[in-house]
Protein chains: 2
Amino acid sequence: GDSAFVAALATLFRDRFGWDIGPQNIALTNGSQTAFFFLFNLFAGPGPDGVERKILLPLAPEYIGYADVGIHGDIFVSRRPEIEHLPDRFFKYHVDFDALHLDETIGAICVSRPTNPTGNVLTQAEMERLSSLARQRNIPLIVDNAYGAPFPGVLYTEAMPHWEPHIILCMSLSKLGLPGARTGIVIANEEVIQAVTAMNAIISLAPGNLGASLTLDLVRTGQILEVATDLVRPHYWAKVQAALPRLHRALEGVDYHIHKPEGAFFLWLWFRDMPITCKELYERLKARGVLVVPGHYFFPGLAEEWPHRHECIRMSYASPPDAVARGIEIIGEEVRRAYRDA
Amino acid sequence: GDSAFVAALATLFRDRFGWDIGPQNIALTNGSQTAFFFLFNLFAGPGPDGVERKILLPLAPEYIGYADVGIHGDIFVSRRPEIEHLPDRFFKYHVDFDALHLDETIGAICVSRPTNPTGNVLTQAEMERLSSLARQRNIPLIVDNAYGAPFPGVLYTEAMPHWEPHIILCMSLSKLGLPGARTGIVIANEEVIQAVTAMNAIISLAPGNLGASLTLDLVRTGQILEVATDLVRPHYWAKVQAALPRLHRALEGVDYHIHKPEGAFFLWLWFRDMPITCKELYERLKARGVLVVPGHYFFPGLAEEWPHRHECIRMSYASPPDAVARGIEIIGEEVRRAYRDA
């Protein structure tokens with residue numbers, strides 16, 4: 001079942017996007033998280049040459065789930081982003097290329113695109129520059145495509161899927177409705193795929209094949225691309241369009257900013273100079289039955305202090321509309337109270 | 001889905017076997033192999049106290065799949081077994097308790113029961129003695145129950161399922177027909193379960209839940225026990241009963257010995273003083289389309305040389321009867337030729 005699925009994926013990517021790949025360029029893992037555990041420990045940690053390597057996250061905030069995967073402790077180094085303010089209280093993070101120092105201690109670059117937690121989609125120019133830096137340094141650029149193109153396609157901006165031999169593209173079937181199947185897909189050059197396959201054998205014996213079986217026909221026919229663009233994307237787009245006006249109303253009078261939602265299914269809210277920390281806000285919201293994730297968890301590898309870390313929260317808009325609407329009201333009440341009572 | 005399955009398992013084991021367990025004593029993993037990767041690296045390798053710990057395999061041959069799971073290199077120490085000769089060219093391995101030295105460098109004891117590759121089922125007395133040694137040393141006894149009781153129940157001898165707080169029992173749904181679901185089950189004390197759950201979160205995010213969903217009703221009703229005894233066990237028992245007379249005929253005149261098949265679905269064949277190595281025999285069989293596993297791979301952690309390692313092969317009798325019969329004929333021909341041409 002697995003080999004048919006891998007062959008169908010290779011054909012799909014070759015035919016639709018012109019990538020020069022075959023089944024030897026694809027490995028399955030028990031979900032994306034396992035893929036990142038493999039890849040990060042493959043490219044970071046103490047090397048046979050004695051050099052201790054790190055994974056560079058060019059832009060924090062970045063995915064909370066990376067934080068603890070290093071077998072040999074903390075393996076990340078990340079950088080503060082540049083902040084671009086946009087109309088209507090939106091903002092967007094950008095990579096601060098001047099702050100990136102790629103010396104021989106950097107084993108790989110990794111970005112999530114769209115980014116969990118912010119919904120940021122790195123621009124085409126940013127991706128090209130990161131790809132070029134990685135190629136020059138002869139290290140991989142790992143792209144966490146859990147929400148990205150061509151599937152699941154939870155994207156509200158143009159983002160062409162792209163692959164080259166120094167790029168490692170990680171995908172998943174989770175956001176197509178199969179989180180419990182734990183199907184991660186790694187697309188990379190043959191050397192990396194062989195390493196992932198060896199790690200699979202040792203750590204997992206074999207990856208689960210139920211997700212592959214369930215979606216084989218969707219991949220063979222290419223319908224998985226239409227599922228992404230015609231079903232998944234409009235579903236979340238409608239949700240974010242409903243959430244935004246509610247947020248603007250609920251937060252009126254507060255110095256709030258919303259990261260431009262370009263993909264994934266989170267909104268990243270920034271309360272500038274909020275008198276309490278996001279952790280405290282999280283506690284107050286939890287007490288009222290509203291679950292968000294305090295923003296300071298999303299800065300793996302960022303060594304320096306930065307007040308911004310404590311001014312943001314991640315909220316999901318994936319829940320039923322009524323629950324999201326009620327949650328936004330309560331967020332508004334608690335944030336206003338936090339500013340007012342200071 | 002997972003939590004219902006775990007609760008149902010706890011109820012089943014409590015009601016049917018009287019174990020003092022609840023859901024807090026059970027964790028799921030993406031298959032048994034992942035469970036062993038977690039457990040071995042939890043109890044072996046460099047400790048916070050600076051001591052480098054190993055996993056003791058009291059009896060080699062032992063499962064080939066353990067061999068490479070150590071993050072910090074080789075983490076096993078194993079012992080040669082005692083060999084008991086039985087009628088009809090059968091033999092059985094036993095633990096050589098005099099050879100077991102349990103000092104502070106032993107982090108855990110591990111046995112597979114039934115054993116892959118030999119089909120050996122450690123006796124009740126051996127298990128009690130190993131359990132007692134582990135308890136005295138305050139280390140866990142890890143029991144790999146991939147083929148064992150109460151399910152999948154690929155067992156042809158009496159072996160009561162047993163659990164105590166210092167025992168870590170690892171089970172699987174693979175041999176109930178769901179290898180691709182990758183559902184491993186760990187039963188242990190709460191402290192171990194919490195560690196496994198934490199490793200799950202970091203390395204797998206969450207275990208797959210399709211195996212749990214598919215078998216939930218079987219566990220709730222307890223029918224999973226009857227599936228084991230009424231379907232799985234007779235299926236393999238018929239196969240081994242068909243294979244044995246064929247083997248005796250095919251190997252007549254050779255100094256062959258067969259490990260008493262007490263469980264799993266392998267036969268472990270020992271060709272005493274065979275003039276070629278099992279590796280060479282494997283190559284010759286492969287050239288004729290018969291796949292066996294050469295025995296020398298099944299001695300993880302055995303430091304000393306021992307000619308016996310190169311005199312054994314593992315054959316499976318799980319294939320269709322005609323294929324097994326034809327394979328046995330060819331094994332007979334090649335083994336006779338090996339002795340004759342020496």
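The shown structure was predicted, so the numbers you read here are calculated from the model rather than taken from an experiment. (Residues numbered from 1 in each chain as written. Chains lettered and ligands numbered in written order. Predicted model: local features only at pLDDT ≥ 70, side-chain atom pairs only at ≥ 80, totals over all residues. Heavy atoms only, no water.)

J.: Can you lay out helix H1 (residues 2–17) of chain A for me, pointing to particular residues and giving the numbers?
T.: Residue and element names in this part refer to chain A. With 16 residues, H1 extends 22 Å from end C-alpha to end C-alpha; this agrees with the ideal 22 Å at 1.5 Å per step. Inspection of H1 places Phe-5, Val-6, Ala-8, Leu-9, Ala-10, Leu-12 and Phe-13 among the buried residues, and these make up the whole buried set. Packing partners of the buried residues in H1 comprise strand S1 (26–30), strand S9 (167–172), strand S10 (183–187), helix H5 (210–220) and helix H6 (223–250). Gly-18 occupies a position one or two residues after H1 and carries a positive phi of about 70 degrees. (Helix = DSSP H or I, 4+ residues; strand = E, 2+ residues; numbered from the N terminus. Expected span 1.5 Å × (residues − 1). Buried < 20%, exposed > 50% of the residue type's maximum accessible area, 1.4 Å probe, protein only. Contact = heavy atoms within 4.5 Å.)

J.: Can you explain the domain arrangement of chain A? Please cite residues and give values.
T.: Residue and element names in this part refer to chain A. Each domain of chain A was delimited in the assignment, giving domain 1 (2–221) and domain 2 (228–340). Contacts between the two partners involve 41 residues from domain 1, matched on the other side by 38 residues from domain 2. Here domain 1 and domain 2 share an interface that buries about 3400 Å² over both sides, 64% of which is from carbon and sulfur atoms. Seen at the junction of domain 1 and domain 2, the total is two salt bridges. In this structure, the connection of domain 1 to domain 2 is made through 22 residue pairs in polar contact (both at pLDDT 80 or more). For the side of domain 1 that touches domain 2, the secondary structure elements donating two or more residues are strand S4 (76–78), strand S5 (82–85) and strand S6 (90–94). If you tally residues by element for the side of domain 1 that touches domain 2, the top one is S6, at four residues. Each residue belonging to the side of domain 1 that touches domain 2 can be placed in one class, and the counts come to 25 nonpolar, nine polar and seven charged. (Domains from an automatic or database assignment. Buried area = accessible area lost by both parts, 1.4 Å probe. Salt bridge = Lys/Arg side-chain N within 4 Å of Asp/Glu carboxyl O. Polar contact = N/O pair within 3.5 Å; in protein donor to acceptor, adjacent residues only side chain to side chain. Nonpolar A, V, L, I, M, F, W, Y, C, P; charged D, E, K, R; others polar.)

J.: Can you tell me about the interface of chain B and chain A, naming the residues and giving the values?
T.: At the junction of the two partners, chain B supplies 22 residues and chain A supplies 23 residues. Taken together, the two surfaces of chain B and chain A that pack against each other cover about 1800 Å², and 66% of this comes from carbon and sulfur. For the chain B face of the interface with chain A, the top three residues by lost area are Arg-182, Ile-202 and Ile-203 of chain B, together amounting to 28%. Counting across the interface, chain B meets chain A through zero salt bridges.

J.: Before we move on, could you go through the environment of Lys-54 of chain A and cite the residues and values that matter?
T.: Residues and elements named next belong to chain A. Note on placement: Lys-54 falls in strand S3 (residues 52–57). Here Lys-54 falls in the partly exposed class, since its relative accessible area comes to 26%. For Lys-54 and Gln-223, which are 169 residues apart along the polypeptide, the C-alpha to C-alpha distance reads 39 Å. The contact partners of Lys-54, leaving out residues within four places of it in the chain, are Ala-44, Asp-74, Ile-75, Phe-76, Val-77, Thr-105, Ile-106, Gly-107 and Ala-108. A distance of 2.9 Å separates a polar side-chain atom of Lys-54 from the backbone oxygen of Asp-74.

J.: Let's hear about the side chain of His-259 of chain B: which residues, and what values?
T.: Residues and elements named next belong to chain B. Relative to the helices and strands, His-259 is located in strand S11 (residues 256–259). Among the residues examined, His-259 registers a relative accessible area of 0% and is labelled buried. At 3.5 Å, the side chain of His-259 and the backbone oxygen of Thr-118 are in polar contact. With residues up to four places along the chain from it excluded, the contact list for His-259 reads Phe-90, Phe-91, Lys-92, Tyr-93, Thr-118, Gly-119, Asn-120 and Trp-268.

J.: Any details on the relation of the copies chain B and chain A? Residues and values, ideally.
T.: Each copy superposes on the other: chain B lies on chain A with an RMSD of 0.0 Å after a rotation of 180 degrees and an axial shift of 0.0 Å. Within this description, the copies of the chain are treated as partners about a two-fold rotation axis. When the interface residues of chain B are mapped onto chain A, 100% of them are again interface residues, pointing to one common binding face. (Least-squares fit on C-alpha atoms with pLDDT ≥ 70 in both.)

J.: An account of the packing of aromatic side chains is needed here, citing residue identities and associated values.
T.: Residues and elements named next belong to chain B. In the structure shown here, the tally under the stated rule is 43 aromatic pairs over all chains. Ring geometry for Phe-36 versus Tyr-66: centroids 5.3 Å apart, planes at 50 degrees, classification tilted. Remark: Tyr-66 occurs in the loop between strand S3 (52–57) and strand S4 (76–78) and Phe-36 occurs in helix H2 (residues 32–43); sequence separation between them is 30 residues. A relative accessible area of 2% places Phe-36 in the buried class. (Phe/Tyr/Trp six-rings, centres within 6.5 Å; stacked < 30°, edge-to-face > 60°.)

J.: Tell me what's going on with the environment of Val-186 of chain B, and back it up with residues and numbers.
T.: As for its position among the elements, Val-186 of chain B is in strand S10 (residues 184–187). Separated by 49 residues in sequence, Val-186 of chain B and His-235 of chain B have C-alpha atoms that sit 26 Å apart.

J.: An account of helix H3 (residues 124–137) of chain A is needed here, citing residue identities and associated values.
T.: Residues separated by three or four positions in an α-helix point in the same direction, a consequence of the helix having 3.6 residues per turn. Residues and elements named next belong to chain A. Taking 1.5 Å per residue, 14 residues should reach 20 Å; H3 reaches 20 Å between its end C-alpha atoms and fits that length. Among the residues making up H3, those that are buried are Glu-126, Met-127, Leu-130, Ser-131 and Ala-134. The buried residues of H3 all sit within an arc of 130 degrees when viewed along its axis, so they share a single face. The exposed residues of H3 that point more than 90 degrees off its buried face are Ala-125 and Gln-136. Its buried side turned inward, H3 meets S6, strand S7 (106–112), strand S8 (141–144) and S9. Backbone geometry just downstream of H3 places Asn-138 in the positive-phi region, at approximately 60 degrees. (Arc of directions from axis to C-beta.)

J.: Run through the sheet that holds strand S14 (residues 312–316) of chain B, naming residues and quoting values.
T.: All names here are of chain B. An order of S5-S6-S11-S12-S14-S13 is seen for the six strands of this open sheet, with the pairing classed as mixed. Edge positions in the sheet fall to strand S5 (82–85) and strand S13 (293–294), since each has one partner strand and no second. Taken together, the two bridges between strand S6 (residues 90–94) and S11 define a ladder with parallel strand orientation. Directly across from Phe-91, in S11, lies its bridge partner His-259. Relative to strand S12 (residues 266–271), helix H6 (residues 223–250) is tilted by about 15 degrees, and along the sheet it contacts S6, S11, S12 and S14. (Pairing = 2+ DSSP bridges. Axes fitted to C-alpha atoms, helices over the stretch in contact; angles between N-to-C directions.)

J.: Any details on unusual backbone geometry? Residues and values, ideally.
T.: All names here are of chain A. The omega torsion across Arg-113 and Pro-114 is -5 degrees, close enough to zero to call that bond cis. Mapped onto the elements of the fold, Pro-114 is located in the loop between S7 and H3. A positive phi angle is found at Leu-205, which is not glycine, with a value near 65 degrees. Relative to the elements of secondary structure, Leu-205 occurs in the loop between helix H4 (190–204) and H5. Taking relative accessible area as the criterion, Leu-205 reaches 45% and is therefore assigned partly exposed.

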